[in-house]
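# Coordinate inspection notes
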Amino acid sequence: MDLGHGKCWDTSKKDSWKTLLVLAYQSLGVVYGDLSTSPLYVYKSTFAEDIHHSDSNEEIFGVLSFVFWTLTLVPLFKYVFVVLRADDNGEGGTFALYSLICRHAKVSLLPNRQAADEALSTYKTEHLPEKNNKSGVKIYLEKHKALHTALLILVLLGTCMVIGDGVLTPAISVFSAVSGLELSMSKEHHQYAVVPITCFILVCLFALQHYGTHRVGFFFAPIVLTWLLCISALGLYNIIYWNPHVYQALSPYYMFKFLKKTRKGGWMSLGGILLCITGSEAMFADLGHFSYAAIQIAFTFLVYPALILAYMGQAAYLSQHHHNDNHIGFYISVPEKLRLPVLIIAILASVVGSQAIITGTFSIINQSQSLCCFPKVKVVHTSDEMHGQIYIPEINWILMVLCIAVTIGFRDTKHMGNASGLAVMTVMLVTTCLTSLVIILCWNKNPAVALSFLLFFGSVELLYFSASLTKFTEGAWLPILLALFLMTIMFVWHYATIKKYEFDLHNKVSLDWLLELGPSLGIARVPGIGLVFTDLTSGIPANFSRFVTNLPAFHRVLVFVCVKSVPVPYVPPAERYLVGRVGPSTHRSYRCIVRYGYREVHQDVDSFETELIARLADFINYDWRRALRTNSHTEDAASQSNESSSEYRLAVIGNTTFACTPQYEIEETVQPASVSGGFSTVESMADVIEMEPVVERRVRFAIDDDQESDIHLQLKEELEDLLAAQEAGTAFILGHSHVQAKQGSSVLKKLAINFGYNFLGRNCRGPDVALKIPPASLLEVGMVYVV
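So, a few notes on the structure that sits alongside this text. Residue indices follow the written sequence of each chain, beginning from 1 at its first position. Residue-level local features of this predicted model are given only where pLDDT is at least 70; pairs of side-chain atoms are given and counted only at 80 or more, and the full residue set underlies all totals for whole chains, interfaces and linings. In computing side-chain properties, one takes all heavy atoms of the structure into account and sets aside hydrogens as well as water.

## Section: the overall build of the protein
Tallying secondary structure elements over the protein gives 28 helices and 11 strands in all. Accessible area is worked out with a 1.4 Å probe on protein chains only. A residue is then buried under 20% of its type maximum, exposed over 50%, and partly exposed in between. The buried share among the 787 residues of the protein stands at 59%. In the protein, once contacts between residues fewer than 6 apart in sequence are set aside, the share between residues at least 24 apart is 83%. Helix and strand assignments follow DSSP, with helices taken as H or I runs no shorter than four residues and strands as E runs no shorter than two, numbered in order from the N terminus. Any pair of residues with heavy atoms lying within 4.5 Å of one another is described as a contacting pair.

The following block contains the structure:
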């Protein structure tokens, strides 16, 4: 099966072998911290209750065989050779798969899509299907709107389970590492020492999050490398010293022998065996920080062999020690003289693994915000050099409280393992389902190939998933409860956000209304720049009409700003701003659409305001100089004023010149389905995109006064007005909304809108915090949304 086209990285051209090996080394600390610490608790969780280690060694050899083949099939075959190739411009994770599917099929529920978004360089796909060769799966998926919602729910389920894993992984990793103290102290002392020490380490770990991982990140790779070398050396020692023939247990025959002897108990013990692949999802989720080849090399040539040797070494030791049921675990197989240094390395490795999942939780919540699936929270960049290093204060402290509660509440590896196993398998099942759709829709493979992938890996994961469900009352209830709670919050927020957008579309004001406002109606234009934030990409928002109605004045320069997310991981800075006029040039009104990818964070307001005004100046220069080239600006302005009910052309204005980009125009009438993803309330609009070399950014708005043409005078006047308005100050106009369900709505809708959404809105960050707007410059306009 040729999957090469899914790969974004070309190592032969972009990465030398030296760079590739450095990336592979660096990936150890970020990607493999969780996966590499799984030997601490796999055997202990597996032999916790359902099966027992006997003199025949059939149980331990069967478990080793299961561990070997599980590590081989899922992380190696599924992730390294298939899933990692399903990248979205080099990015991985659940939202990357969803983004790919949404770009190849019209299944997105995001309401403010534009044809202009499809012109982004990161939006374009490498292999587009032929128009006359549409897949039946694609047609069926686009036709049934219920499947769009079902797909979103599937993505949200995977997202919630990743967040749940962010609660469970730090607890079980650190607790298992600290549990090594049980061999060096009495049972009474151990009982009262492990939990407090674990909680202390967790508190320190979360307390340091606001500093960012980049400050201590250079320690991560050496720690994980040392840990991998340590467990592989211990494994080799135990194999040679205790049982050199343990390699025979790698045969699949021992799996069938194990299940034949243990029957139901063996099946239920799979909930502990599956813990050997916890952290595998990080290989895909962290793909954007490294290359596909780097992650592949690190896992195939170092992590995978080290883990296999570690599990074989433990099995070799246990095969010669049959009366240690109460002490089956990692540390029992470590020579007594080495237990203290190994304990210290294990604790450090568990902290690194916990750090990776915490950072991943921050990242996926930020992505959920971008898709309007999570209430607004404050996102802080912790590194100026490394993009993607973020910190979310509220989530950090909530995770810390939950981790400590899990540690104190469960107090053993068994219950933590049951909970973590269910969360891990759910995420993997979601990834398998989404990858199957990517194989059909994005890679244009025969549906039989996708079905084979789904059935093979899905059946393996379903086997483990069913075993995890049997442990519902023994800890597996926790990720299910967390997922139900989080999915309710996310779905209510997403549903209400879409309803608000539909309300805005129904109640937006025509452009004629804005142009008719003038001194004759008692409307004054005050100095300064007014930035009116709206979710609409066309038309005048209702909150601005409410503002003008109550305060009959607005700023001399008016900018309707739409900050929106597009289904790509990153938007190049040169393509971020879509700028156009609202009305004739004398009105001094503009529309600016600022586009961010789902992995990006809105920049600080000072830089945003400065950048926005600079882009307006570039657009004014560009627009008048284009008119100068065509000598038809006067006629264009006249024709535009006569067609004031339609949107004007939008130009892509970047902070760099479009090198090697041919000049072209795209003009098309966008149908409602492609604008809103299926909402019939969206009006048709003409969307004109121009990508031409733009004048470079200037510190001052200088123009050439040699030519005394009328166009140059108007250009100079408009730039001077913009500069004067900037010096007068900027006001940020936001809508302060209250949402309520229509009369006659169902009880469920009233509960979701009137109580759920409004409660979340009151108790989470407001849009002013999310957009990082200073309170002194904020003007809020009250709006009641009846949806």
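Next comes the rest of the account.
## Thoughts on the packing of aromatic side chains
Put simply, two rings from Phe, Tyr or Trp (the six-membered ring, in Trp's case) pair if the centres are within 6.5 Å, and we call them stacked under 30 degrees between planes, edge-to-face over 60, tilted for the rest. Under the definition given, this model contains 23 aromatic pairs. Relative to Y311, the ring of Y43 has its centre 5.9 Å away and its plane inclined at 80°; by these criteria the two rings are edge-to-face. Taken together, the residues span a long stretch of sequence, with Y43 in helix α4 (residues 42-46) and Y311 in helix α15 (residues 292-318) at a distance of 268 residues. Comparing Y43 with Y311, the two get one shared label, buried. Between the aromatic rings of F453 and F457, the centroid separation amounts to 5.1 Å while the plane-to-plane angle is 55°, which identifies the pairing as tilted. Residue F453 and its partner F457 are both found in helix α19 (residues 447-469); the two are separated by four residues, about one turn of the helix. Accessibility expressed as a relative area gives 5% for F453, which makes it buried. Taken together, Y237, Y241, W242 and Y317 form an aromatic cluster joined through their ring pairs. Only when the NZ atom of a Lys or the CZ atom of an Arg is both within 6 Å of the ring centre and within 35 degrees of the ring normal do we say a charge sits over the ring. A cation over a ring is seen here: K500 above Y785, with NZ or CZ 5.2 Å from the ring centre.

## Observations concerning the side chain of S745
Structurally, S745 can be placed in the loop between β10 (730-740) and α27 (747-763). Relative accessible area serves as the criterion here: at 15%, S745 is assigned to the buried category. A distance of 2.7 Å separates a polar atom in the side chain of S745 from the backbone oxygen of K742. Excluding anything up to four places from it in sequence, S745 contacts K750 and V787. Polar contacts here mean pairs of N or O atoms no more than 3.5 Å apart (in protein, one a potential hydrogen donor and the other a potential acceptor; neighbouring residues in sequence count only if both atoms are side-chain atoms).

## So, the pairing of strand β3 (residues 524-533)
As paired strands, β3 and strand β4 (residues 553-566) are joined by eight bridges and run parallel to one another. What sits directly across from F533, in β4, is V561. Note: two strands are recorded as paired if DSSP finds a minimum of 2 bridges between them. Here four bridges tie β3 to β10, and the two strands are oriented parallel to one another. Bridging across to β10, G530 finds its partner in A731.

## Topic: the packing of helix α6 (residues 94-104) against helix α18 (residues 413-441)
In the contact formed by α6 and α18, the axes pass within 10 Å of each other and the chain directions differ by 30°. What the angle tells us is that α6 and α18 run roughly parallel. Where α6 crosses over α18, the handedness of that crossing is left-handed. Two secondary-structure elements touch here, α6 through T94, L97, L100, I101 and H104 and α18 through V430, T431, L434, T435, L437, V438 and L441. To get an axis, a line is fitted to the C-alpha atoms, and for a helix only the part in contact is used. The angle between two axes follows their N-to-C directions and goes from 0 to 180 degrees. Convention used here: angles under 35 degrees read as roughly parallel, angles over 145 as roughly antiparallel, angles from 65 to 115 as roughly perpendicular, and any remaining angle as oblique. Should the near helix be turned anticlockwise from the far one by less than a right angle, the crossing is termed left-handed; should it be turned clockwise, right-handed.

## Considerations on the pairing of strand β7 (residues 650-653)
Where burial is concerned, the two faces of β7 agree: the one with L650 and V652 and the one with A651 and I653 are both buried. With four bridges joining them, strand β5 (residues 577-581) and β7 adopt antiparallel strand pairing. In the strand pairing of β7, Y577 is matched with I653.

## Some thoughts on the environment of C764
Note that C764 resides in the loop between α27 and α28 (767-770). Taking the C-alpha atoms as reference, C764 lies 9.2 Å from K378; in sequence the two are 386 residues apart. Leave out the neighbours within four places in its chain, and C764 touches P375, K376 and W493.

## A short note on the environment of V786
Take V786: it is sitting in strand β11 (residues 778-786). The class for V786 is partly exposed, based on a relative accessible area of 34%. When the C-alpha atoms of V786 and K742 are compared, they prove to be 5.6 Å apart, with 44 residues separating the residues in sequence. What V786 contacts, discounting residues up to four positions off in sequence, is F503, Q740 and K742.

## Examining α19
The bend at a residue is defined as the angle formed between two axes, one fitted to the seven residues ending at that residue and one fitted to the seven starting there. The largest bend along α19 measures about 30° and falls at G458. If you follow the buried residues of α19, they end up packed against α5 (58-80), α12 (264-268), α13 (270-273) and α18. N-cap assignment for α19: the residue whose side-chain oxygen lies 2.8 Å from the backbone N of A448 is N446.

## Regarding the pattern of salt bridges
A pair is scored as a salt bridge if a Lys or Arg side-chain nitrogen falls within 4 Å of a carboxyl oxygen belonging to Asp or Glu. Inspection of every chain in the model, using the stated rule, returns 15 salt bridges. In this structure, E502 and K499 form a salt bridge, with 3.6 Å as the shortest nitrogen-oxygen distance. A residue pair is termed a helical-turn pair when its members lie 3 or 4 positions apart in one helix, as E502 and K499 do in helix α20 (residues 477-507) at three residues. The exposure class of K499 is partly exposed, given its relative accessible area of 23%. The closest approach of N and O atoms between D618 and R615, which form a salt bridge, is 2.6 Å. Highlighted residues: D618 and R615, both in helix α23 (residues 605-630), separated by three residues, approximately one helical turn. With a relative accessible area of 3%, D618 lands in the buried category. Note on R615: relative accessible area 0%, which makes it buried.

## Digging into unusual backbone geometry
When glycine is set aside, most residues are seen to have a negative phi, and most peptide bonds are trans. Positive phi, normally seen in glycine, also occurs at N57, with a value near 65°. Checked against the element boundaries, N57 lands in the loop between α4 and α5. Not every positive phi belongs to a glycine, and R263 is a case in point at roughly 50°. By the secondary structure assignment, R263 is in the loop between α11 (253-262) and α12. Overall, the relative accessible area of 62% leaves R263 in the exposed class.

## A closer look at the packing of α5 against α15
Axis separation between α5 and α15 bottoms out at 10 Å; the angle between their running directions is 175°. Taken together, the axis directions place α5 and α15 in an arrangement best described as roughly antiparallel. In contact with I60, L64, V67, F68, L71, T72, P75, L76 and V80 of α5, α15 contributes Y292, Q296, F299, T300, Y304, L307, I308, Y311, M312, A315 and L318. Residue polarity is assigned by list, with Asp, Glu, Lys and Arg as charged and Ala, Val, Leu, Ile, Met, Phe, Trp, Tyr, Cys and Pro as nonpolar; anything else, Gly included, falls into the polar class. Split into classes, the residues belonging to the contact of α5 with α15 amount to 17 nonpolar, three polar and no charged.

## Re the side chain of S176
Inspection of the secondary structure puts S176 in helix α8 (residues 145-178). By relative accessible area, S176 is classed as buried at 5%. Look past the residues within four positions of S176 in its chain and what remains in contact with it is L40, Y41, Y331 and T413.

Just geometry here; none of it tells us what the structure is for.
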